[in-house]
Amino acid sequence: MSDIRTEAPAPEPEREAPSPAARLARFYETLTPASLASLGEFYAADARFKDPFNDVHGVPAIAQIFAHMFAALEQPRFVVTEQLAQHEQALLCWDFHFRMRRWRPRADHCIHGATLVRFDTQGRVIDHRDYWDAAELYEKFPLLGRLMRNLRKAVSVSKSIEG
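Per chain, residue numbering runs from 1 following the sequence as it is written. At least 70 in pLDDT is required for a residue's local features to be given in this predicted model, at least 80 for side-chain atom pairs to be given and counted, and no such filter applies to totals for whole chains, interfaces and linings, which use all residues. Note that water and hydrogens are dropped before the side-chain values are worked out from all heavy atoms of the structure.

Draft legend 1. Up close: the packing of aromatic side chains. Two rings belonging to Phe, Tyr or Trp (six-membered ring only in the last case) form a pair when the distance between their centres is within 6.5 Å. Interplanar angles under 30 degrees mark stacking, angles over 60 mark edge-to-face geometry, and anything in between is tilted. Summed over all chains, the structure comprises 9 aromatic pairs. Ring geometry for Phe78 against Trp94: centres 5.6 Å apart, planes inclined by 90 degrees, an arrangement best described as edge-to-face. Pair noted here: Phe78 is in strand β3 (residues 73–86) and Trp94 is in strand β4 (residues 89–100), with a separation of 16 residues, a long-range link. In this pair, the class of Phe78 matches that of Trp94, namely buried. Their ring planes at 25 degrees and their centres at 5.1 Å tell us that Phe96 and Phe98 sit as a pair that is stacked. The pair Phe96 / Phe98 is uniform in exposure class, with both members buried. One aromatic cluster is present, built from ring pairs that chain together Phe27, Tyr28, Phe42, Phe49, Phe66, Phe78, Trp94, Phe96 and Phe98. We count a stretch as a helix when DSSP gives it H or I for four or more residues in a row; a strand needs E for two or more, and each element gets its number in order from the N terminus. Relative accessibility thresholds used throughout: buried, under 20% of the residue-type maximum; exposed, over 50%; partly exposed, between the two (1.4 Å probe, protein chains only).

See below:
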């Protein structure tokens, strides 16, 4: 009879936990109406959220902003294109893709922006500040869009350089 020896499988190497910035980026890239229930895992209870249209405090108010986004837009999604993290803060650059429900619902739109976040000691967001050009959104509407494009032309440096 032969003596068969089996070795225990080698333990898997420990994986380093993703950084708070990487966790947040993944959360945004997979954001759905159902995942809004887990917002408190990523944001501190008294977190501040500020963008060109909103300035709110607290997880329920932040969740309401995203719930409104899902109600007003068709297929909204974020693609994080870059992450820069240092200490307890990070900058996430992103493209926001969406379709409008009421106006030109088949047209795809994209707004480019960045989010500056600060994290608490548990890795949850305590301050979220979005930076994006609201004129990119305004330009997508018929009358307002024409006004914004004309205004952009009027104040553009390239026009005075070419002339």
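That was the structure; now back to the text.
Draft legend 2. Expanded view of helix α2 (residues 59–72). Take the number of residues in a helix, subtract one, and multiply by 1.5 Å to get its expected span. Over its 14 residues, α2 extends 20 Å from the first C-alpha to the last, a length consistent with the 20 Å expected when each residue adds 1.5 Å. All of the buried residues in α2 are Val59, Ile62, Ala63, Ile65, Phe66, Met69 and Phe70. For α2, the arc enclosing every buried residue in end-on projection is 150 degrees, short of the 170-degree limit, so these residues lie on one face. Across from the buried face of α2, at angles greater than 90 degrees, the exposed residues are Pro60, Gln64, His68 and Ala71. Buried positions along α2 lie against α1 (20–29), β1 (43–50), β2 (55–57), β3 and β4. Picture the helix axis, draw a direction to every C-beta atom, and the arc is the one those directions span. Note on contacts: a residue pair is in contact if any heavy atoms of the two residues lie within 4.5 Å.

None of the figures reported here should be taken as evidence of function without further support.
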